Amino acid sequence: MERRGDRIAPGAPGIEPRWSHSNKDGVGTAYSSDSRLWFTLWRGIVTEVYFPHIDRPQLRDLEFLLTDGTTFFHEEKRHLTTVTERPTEHALGYEVRSEDPEHRYRLHKSVIADPHLPCLLLRTRVEVLRPELAGRLRLFVLAAPHLDVGGWGNSAEVQRILDRDVLTAERNGVALALAATRPFARSSVGYVGVSDGYTDLARHLDLTWAFDRAPSGNVALTGEVPLDGGGEFTLALAFGDSVPAAVTTLFQSLSTPFEVHQRHFHEQWRRVGAHERPLAGASHDQGRLYRTSRSILFAHEDKVFPGAFIASLSIPWGASKSDLDRGGYHLVWTRDMVHTANALLASDRWEASLRALVYLATRQRPDGGFPQNFWVDGTPYWQGIQLDEVALPILLAGRLASEGGLAGFDPRAMVRRAARYLIERGPATQEDRWEEVGGYSPSTLAACIAALTVAGRLVGPTRDATTAAFVQEYADFLESHIEPWTVTDRGTLLAGVPRHFARIRPVSVNDPEPDEGPDLGLLRLPNLPPGAPNVFPASEIIDAGFLDLVRLGIRRADDPLIVDSVKVVDHVLRVDTPLGPVWRRYNHDGYGQRDDGGPYSDWGVGRAWPLLTGERGHYELALGRDPGLYLATMERFATATGFLTEQVWDAADNPALHLYRGRPTEAAMPLVWAHAEYVTLLRSAHDGRVFDRVPEAAARYLEGPPRPPLEIWKFNRRPRSVAPEARLRIIADQPFRLHVSDDDWRTVRDLDSTATALGLHFTDLEPLGQPGRRWTFTFFWPAADRWEGRDFSIVAAPRSTA
């Protein structure tokens, strides 16, 4: 290796870098643990390449530029008409055909990853369609490194290796190398928007600059691939932890014929598909979306951290995002990941679900919680707390345990810590599943109730009857409070239906004495335009999260309250598109494409989510109806390459911005959660029952006898009243002696707490019986040999006046 020269490009550091578009039409990787490379396509060009982990995008664009030197300059993604297809339904490799507007030439590309090395391969053929263009068409490759998840600070250089130019770049211990089977005729590196090859070609219709180095900036690499003697070649983009490592990988990969790489690539993916559960008969597209979805789920798993499934290989509205947005959706969300694992289990890939569970167990925090989202190595990104993300891994563990899929893994330590977290930190969640507001959420409560019911079984009555009962009875407490906490009887959204579920009762996790009365309070919503109203009665903000109560087996599908709430949701949130029905998340949602078609940036308009069509399908199945409409609609929402988006456009068509009703916006695509929802619904339809239903929850809450009422008092939730007929349970995180009176200290009792295996301690007080009677109590802490130093009280009152 040697430097070609020392001509430094002017114009450092270049214009501000941006990420690429998010609605991908291709996602690919080799299905082998030693490749450690992922790629995405948008309009047929490579937009991002991830290495060495699935959460680390290293490239913005890799595309071709074309000119005849005198009359036109074409950028592949901007000027050519492109068709992207997958040659097989299992493998995530792509065939791309692009043609110029006047039909003078055509590009054919086969895009795969090297089956065993971190190298992207593009087999390319240029077809000249007009004789007058023969010998005049010039082809250039343009690459825009964003190494170590950033556009600033990249350094580019032309290296001279084996008598040919190799384009290289490096930043912070990550490097790339770019070359083709045909050596570049000319090459240059420069700063984007100032001295790069794109700027040169756009101005001069030729590569007139030949810079050798572009240190530390937003850089681009350009090389001319000669077309004389035929227009077919293989382009390779290799990665490594240094330039020499990337160069070695580059030449190793190019030394093997593309056809051999392609054959091995497809064989790897065929082996994956050979073990799928035969669910295609329940589909309406002969299983095409099922096979694609399964491959997409597998493609979103990291190869250094097995079991780490990210939410999407995309950055929503990426073209408007700078280096400040490092995360995008290429992070682990526990919620999305458990949906992924559940879908893989639905397709009989229990070993992949187990990998996910083991990974999550090793990423659990010491206190039993999970970060809102995190890099694959476990480093937290956003800092919110969402109780459903703590509950869902318990459900996954229970599902694997019930199907004999745990192999040699024992999840009980994880389950105990998570159960403690839910009991100690709940019932209010800092954020609901839409990650914006906190309080008492029907969907979060559903996950917690089902998870604690499963946890009671996993800790097991034969192992620790006291702890099992303690955990189960806390779930019973939550279940008995669902309607008082989250239902309004003052609704005005649909005439004649005043009683329905709200999205959430806003409650601060830092308020130990929240108002739990019949007025749900006011809800402040984010993401709305500047100056727009953003505070609404919580009773007037709805979503369909309450359907999780049905899905998990806690409420009946034909419960009149559920049925009425569905009517309100359909009235307010349903959107009918040419492809079928779809629903928005909640009314006054601001997370989505703006009305003028502009990107979401701090505010926008929440659009409709295809995954919610899948959730509705599960509800219809629980009602005993055919979910076929919802399966078929999701299949129609899929793109030509089989991808499901996070959001579809739900306004009038805007052809100028490629926005069509029922088609993807610039939100995340593919969204793994949406693909997981489709696979799970397909399995549910195949079985004739909801796959996610938790048998223990259904047996207790739908089929079991009534349970005596229970109220919970903890230091982070100190209710002002208790129903006269309810037992009162006092919970603390250390042993205590409760000094208590029911007659204003005229007589007292001392009750020692009972220990549980969770590290929590409790004691119970019998029902007060009469409204107006009151418990007054304080604590003695034996371990510290001290009194609490303050009194607490709770009065007996009917729940409706609580």
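The structure presented is a predicted model; accordingly, all values stated were derived computationally and were not measured.

Student: Could you clarify how one ought to interpret the sheet that holds strand β27 (residues 608-609) in this entry?
Tutor: Either a parallel or an antiparallel arrangement is found when strands of a sheet pair, and the pairing is made through backbone hydrogen bonds. Pairing in this open sheet of three strands is antiparallel, and the strands run β25-β26-β27 from one edge to the other. Every interior strand has two partners, whereas the edge strands, β25 (574-577) and β27, have only one. In this structure, strand β26 (residues 580-584) lies alongside β27, joined through two bridges in antiparallel fashion. Note on β27: the bridge partner recorded for Arg 584 is Ala 608. Lying on the sheet, helix α14 (residues 560-573) is in contact with β25 and β26; it crosses β26 at an angle near 95°. Along the sheet, helix α15 (residues 610-622) makes contact with β26 and β27, crossing β26 at roughly 105°.

Student: Help me out: how do you make sense of the environment of Gly 230 in this one?
Tutor: Tracing the backbone through its elements, the reader meets Gly 230 in the loop between β17 (219-225) and β18 (232-240). Along the sequence, Gly 230 and Val 569 sit 339 residues apart, while their C-alpha atoms lie 60 Å from each other.

Student: Just to check I follow, could you spell out the pairing of strand β31 (residues 737-741) for this structure?
Tutor: Successive side chains on a regular strand alternate, one facing one side of the sheet and the next facing the other. The buried fraction of β31 is high, at four of five residues. Examined bridge by bridge, β31 and strand β35 (residues 774-781) share five bridges and lie antiparallel to one another. Within the sheet, the bridge partner assigned to Arg 737 lies in β35 and is Phe 780.

Student: How should I be thinking about helix α11 (residues 465-480) in this particular structure?
Tutor: Two residues of an α-helix separated by three or four positions point the same way, owing to the 3.6 residues in each turn. For α11, spanning 16 residues, the distance from its first C-alpha to its last is 22 Å, which sits close to the expected 22 Å at 1.5 Å a residue. Looking only at α11, the buried set comprises Thr 467, Ala 468, Phe 470, Val 471, Gln 472, Tyr 474, Ala 475, Asp 476, Phe 477, Leu 478 and Glu 479. Where α11 starts, the residue carrying a side-chain oxygen 3.3 Å from the main-chain nitrogen of Thr 466 turns out to be Asp 464.

Student: Just to check I follow, could you spell out the packing of helix α6 (residues 334-346) against helix α17 (residues 672-687) for this structure?
Tutor: Each packed pair of helices is defined by two parameters, the angle between the axes and the distance between the axes. Remark: α6 packs on α17, axes separated minimally by 8 Å, with the N-to-C direction vectors making an angle of 35°. In this structure, α6 crosses over α17, and the sense of that crossing is left-handed. On α17, the residues touching Arg 335, Asp 336, His 339, Thr 340, Asn 342, Ala 343, Leu 345 and Ala 346 of α6 are Val 672, Trp 673, Ala 676, Val 679, Thr 680 and Arg 683. Split by residue class, the contact of α6 with α17 holds seven nonpolar, four polar and three charged.

Student: It is not clear to me how the environment of Arg 213 should be interpreted in this structure. Could you clarify?
Tutor: Secondary-structure assignment places Arg 213 in strand β16 (residues 213-217). Since its relative accessible area comes to 18%, Arg 213 is described here as buried. For the pair Arg 213 and Ala 9, spaced 204 residues apart in sequence, the C-alpha separation works out to 6.1 Å. The residues touching Arg 213, leaving out its near neighbours within four places in the chain, are Arg 3, Asp 6, Arg 7, Ile 8, Ala 9, Ala 156, Glu 157 and Val 189. A distance of 2.8 Å separates polar atoms of two side chains, one belonging to Arg 213 and the other to Asp 6.

Rules used throughout
Residues numbered from 1 in each chain as written. Predicted model: local features only at pLDDT ≥ 70, side-chain atom pairs only at ≥ 80, totals over all residues. Heavy atoms only, no water. Pairing = 2+ DSSP bridges. Helix = DSSP H or I, 4+ residues; strand = E, 2+ residues; numbered from the N terminus. Contact = heavy atoms within 4.5 Å. Axes fitted to C-alpha atoms, helices over the stretch in contact; angles between N-to-C directions. Buried < 20%, exposed > 50% of the residue type's maximum accessible area, 1.4 Å probe, protein only. Expected span 1.5 Å × (residues − 1). Polar contact = N/O pair within 3.5 Å; in protein donor to acceptor, adjacent residues only side chain to side chain. Left-handed = near helix turned anticlockwise from the far one by under 90°. Nonpolar A, V, L, I, M, F, W, Y, C, P; charged D, E, K, R; others polar.

Without other data, these values stay purely geometric and don't point to any function.
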